[in-house]
Amino acid sequence: MATLLTVPLLVRLLGLDEFGIWSLLEPLLVIGAMIALCGVEHGVIKQAAHDGTSIRRVVGDLLPSVLLVILLVDMAGAAILHWWFGMVVSLLVAGLVAAEALLTLITTAYRSADRLAGYSIGQAGRSVSFLVVLAIMAVLLPEGRTRVETVLCVRLALVLALALALIAALRPRPRWRPDRYADARTYGVFILLTGLMGQVLENCDRYLLAGHVSIAEVGGYVLHIKLATIVVQGVTTPFMIWFPMERFRHFNDSDGGDRFFGTVAFLMLTALLLAAGIVWFSAPLLLGWFAPGNPYAPEVLLLLLVGVVAVGMSYPLNVGLLKPGYTHLNLIASAAGLVSALALSALLVPAFGATGGAGAKAIATLVFTTVLCGLSQRVHRVNFSFVRLALLSAAAVALGVAIERFVGGGELPAVIGKSITYAGGLLVIAFLLSGRREGFRVDLARADGRAD
């Protein structure tokens, strides 16, 4: 939520033109940090959760090699970005990539050991501290006069301080262990490549759009993306704090994890559809608060929400491809989604602008999740009830259409009424489709490997 609340502050401080530049730099920070880590953060989870090594030792053994690779990636990245954004911006982005990579490494270590305090401080601190400083700046500085370099400086100082504090709290003993680094990288490299393809799939539309419309229009399109990512912040992010560890624990259930994974997938889709519906009803009001005067494009948001729900379902439906020895198969699904995204964006963006970009993203994410699930089923079969998942999705769409048709108004009371009606109706439908009461909840005792 804190990440979402930074959007209106950034728009106010930067203006739509500079916000458009920020929206082009923001994905590069994520991609740069992923490349700098080379997938070792996924290897941290494997070494801690699967191999049983303490996180202090894991981080200590990996840190020297990680710092060396970060330095090399930063030097190359700064040289490349200099041609498009200038020396100052490129150096700030390089520094921020390094800070983000370190923070990702250390927060992943805390999560892998179920030390949720450290993980939560890292994740929440990154966004909340940025939000607080931006709010102070919005009060003190004139509207639309701040440069993107200033925002990068603020972000760099906050993320670096947080990363160093969490590393100091863990007190790792750095040791040069290239063998441990190689093990972590070997496990995580295919997940890294999958993630990189996912980032290109997620963000290629805005870069292609920038070649056909003004930078301010790109900023407006990204505002709609930010609205859609409320679903990610509300559902996918907390889910991924819990699910990766539980997935390892349920591979060897007596039923192969059928009951656990099937229930989780149904609950996840319910949560995603619930959040997406509420965002849809609230969007005109939220956009008016975030960026007054920026036009609302409902068709763009609808397509973006389809994509967000599809990506969200890729996590519970991908059970088998994160087993050791099978992670490379994720690349096939990512490649299918990436090729679809690039081809459709190149075809649709010039003709339909933002709507074409959103449509390309929706179709490409559906392709990605479908292929990913199919490959996962070949490695570790789970009897997902795909008919129920499809019925739930269709019922959610029909319910949303009916509410929009028969309940008018876009003011706050009407939005609240629509959202409550939708949420209540969807939960009733989900309960009826679940088939039985015990199938509609995750059994926490089973999540710990114990029988009821």
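Residues numbered from 1 in each chain as written. Predicted model: local features only at pLDDT ≥ 70, side-chain atom pairs only at ≥ 80, totals over all residues. Heavy atoms only, no water.

(A) Here's a closer look at unusual backbone geometry. One non-glycine residue, C38, adopts positive backbone phi at about 55°. As for its position among the elements, C38 is in the loop between α1 (2-37) and α2 (40-50). A relative accessible area of 18% means that C38 is categorised as buried. Positioned with a positive phi, R171 is a non-glycine residue whose angle comes to about 55°. Mapped onto the elements of the fold, R171 is located in the loop between α6 (148-170) and α7 (178-210). Using a relative accessible area of 57% as the deciding quantity, one classes R171 as exposed. (Helix = DSSP H or I, 4+ residues; strand = E, 2+ residues; numbered from the N terminus. Buried < 20%, exposed > 50% of the residue type's maximum accessible area, 1.4 Å probe, protein only.)

(B) Expanded view of the packing of helix α3 (residues 55-85) against helix α4 (residues 87-112). Two elements in contact, α3 and α4, have axes separated by 8 Å at closest approach and are oriented at 155°. When the interaxial angle is binned, α3 and α4 end up roughly antiparallel. In terms of crossing hand, the pair formed by α3 and α4 is right-handed. In terms of residue class, the contact of α3 with α4 is made up of 22 nonpolar, 4 polar and 1 charged. (Axes fitted to C-alpha atoms, helices over the stretch in contact; angles between N-to-C directions. Parallel < 35°, antiparallel > 145°, perpendicular 65-115°, else oblique. Left-handed = near helix turned anticlockwise from the far one by under 90°. Nonpolar A, V, L, I, M, F, W, Y, C, P; charged D, E, K, R; others polar.)

(C) Broad picture of the packing of helix α11 (residues 298-317) against helix α13 (residues 354-379). Packing of α11 against α13 leaves a shortest axis separation of 8 Å and a crossing angle of 15°. The angle between the axes of α11 and α13 places the two elements in the roughly parallel class. When the axes of α11 and α13 are compared, the crossing they make is left-handed. Its residues placed into classes, the contact of α11 with α13 shows 15 nonpolar, 7 polar and 2 charged.

(D) Molecular detail of the packing of aromatic side chains. In this structure the tally under the stated criterion is 4 aromatic pairs. Taking the ring centre of F130 as reference, the NZ or CZ of R155 above it sits at 4.8 Å. (Phe/Tyr/Trp six-rings, centres within 6.5 Å; stacked < 30°, edge-to-face > 60°. Lys NZ or Arg CZ within 6 Å of the ring centre and 35° of its normal.)

(E) Region of the structure containing the pattern of salt bridges. Counted according to the given criterion, the structure contains 12 salt bridges. Note that D205 and K361 form a salt bridge whose closest N and O atoms lie 3.0 Å from each other. Of this pair, D205 sits in helix α7 while K361 sits in helix α13; the two residues are 156 residues apart in sequence, bridging distant segments of the chain. Across the pair, K361 and D205 agree in class, each one buried. Several salt bridges share partner residues, and in doing so they unite R57, D61, R175 and R180 into one network. (Salt bridge = Lys/Arg side-chain N within 4 Å of Asp/Glu carboxyl O.)

(F) Representation of the confidence of the model for the protein. On average, residues of the protein carry a pLDDT of 85, and 94% of them reach 70 or more. This stretch, residues 437-452, has a pLDDT under 50; its non-local contacts, to residues over four places away or in other chains, come to 29 contacts. (pLDDT = per-residue confidence, 0-100. Contact = heavy atoms within 4.5 Å.)

(G) Molecular detail of a nonpolar patch on the surface. Judged by side-chain polarity, V128, V132, I136, V139, L140 and L141 come together as a nonpolar surface patch covering roughly 560 Å² of accessible area. Among the residues examined, L141 registers a relative accessible area of 34% and is labelled partly exposed. (Patch = residues over 30% accessible without salt bridge, like charges linked within 9 Å, V, L, I, M, F, W, Y side chains within 5 Å. Areas by Shrake-Rupley, 256 points an atom, 1.4 Å probe, with all protein chains shown as cover.)

(H) Region of the structure containing the side chain of T107. Turning to its location among the elements, T107 is positioned in helix α4. Residue T107 is classed as buried on the basis of its relative accessible area of 2%. Here the side chain of T107 touches T104 through a polar contact of 3.1 Å, landing on its backbone oxygen. (Polar contact = N/O pair within 3.5 Å; in protein donor to acceptor, adjacent residues only side chain to side chain.)

(I) Here's a closer look at α4. Taking 1.5 Å of rise per residue, the 26 residues of α4 would be expected to cover 38 Å, and the 38 Å separating its terminal C-alpha atoms lies within 8% of that figure. Burial runs high along α4: 21 of the 26 residues are buried. Trailing α4 by a residue or two, D114 shows a phi angle of about 60°, which is positive. (Expected span 1.5 Å × (residues − 1).)

(J) Highlighting the environment of V379. Secondary-structure assignment places V379 in helix α13. V379 sits in the partly exposed class, given a relative accessible area of 22%. Counting along the chain gives 57 residues from V379 to L322, while the straight-line C-alpha distance between them is 9.9 Å.

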